[in-house]
Amino acid sequence: MSLYPFCAVKGNTDANFEELSDFVPTNDFERSLYDMIVYGDVRLSAGAKSAMKSWLIAVEREIEGRKLLFCHGSP
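Description of the structure in this document. All figures in this text were calculated on a predicted structure; none of them were measured in a lab. (Residues numbered from 1 in each chain as written. Predicted model: local features only at pLDDT ≥ 70, side-chain atom pairs only at ≥ 80, totals over all residues. Heavy atoms only, no water.)

A closer look at the overall build of the protein chain
A count of helices and strands for the protein chain gives two helices and two strands. With the C-alpha coordinates aligned to their principal axes, the bounding extent of the protein chain is approximately 45 × 25 × 15 Å. Residues counted as buried form 19% of the 75 residues belonging to the protein chain. For the protein chain, long-range pairs separated by at least 24 residues make up 50% of all intrachain contacts whose partners lie at least 6 apart in sequence. About 6,000 Å² of surface is accessible on the protein chain, with carbon and sulfur atoms providing 54% of the total. In the protein chain, the 8 positive side-chain charges and the 11 negative ones have mean positions that sit 6 Å from each other. (Helix = DSSP H or I, 4+ residues; strand = E, 2+ residues; numbered from the N terminus. Buried < 20%, exposed > 50% of the residue type's maximum accessible area, 1.4 Å probe, protein only. Contact = heavy atoms within 4.5 Å. Areas by Shrake-Rupley, 256 points an atom, 1.4 Å probe, with all protein chains shown as cover. Lys, Arg positive; Asp, Glu negative; His and termini not counted. Charge placed at Lys NZ, Arg CZ, Asp CG, Glu CD.)

Comments concerning the side chain of Asp 14
With respect to the secondary-structure elements, Asp 14 resides in the segment before helix H1 (28-43). No salt bridge is formed by the buried Asp 14, whose closest oppositely charged neighbour, Lys 10, lies at an N-O distance of 7.9 Å. At 2.6 Å, the side chain of Asp 14 forms a polar contact with the backbone nitrogen of Gly 11. Those residues in contact with Asp 14 that sit more than four places away from it in its chain are Val 9, Met 52 and Trp 55. (Salt bridge = Lys/Arg side-chain N within 4 Å of Asp/Glu carboxyl O. Polar contact = N/O pair within 3.5 Å; in protein donor to acceptor, adjacent residues only side chain to side chain.)

Now the structure itself:
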């Protein structure tokens, strides 16, 4: 965020930080994902997690009269 991005959007696991307390892994893949999210949760500051919580899954911006849609994947 210190680079002052043009916009920031939620990626695949960004929303998982908000749902960490409710996430119960049911298979090896989910356990691996859970472990990565817990690691990130410990390493990220409260400010970083708060910023991520405010990000949208898609952001529309206008540049030189053209509307652009920014997203992590196709909504």
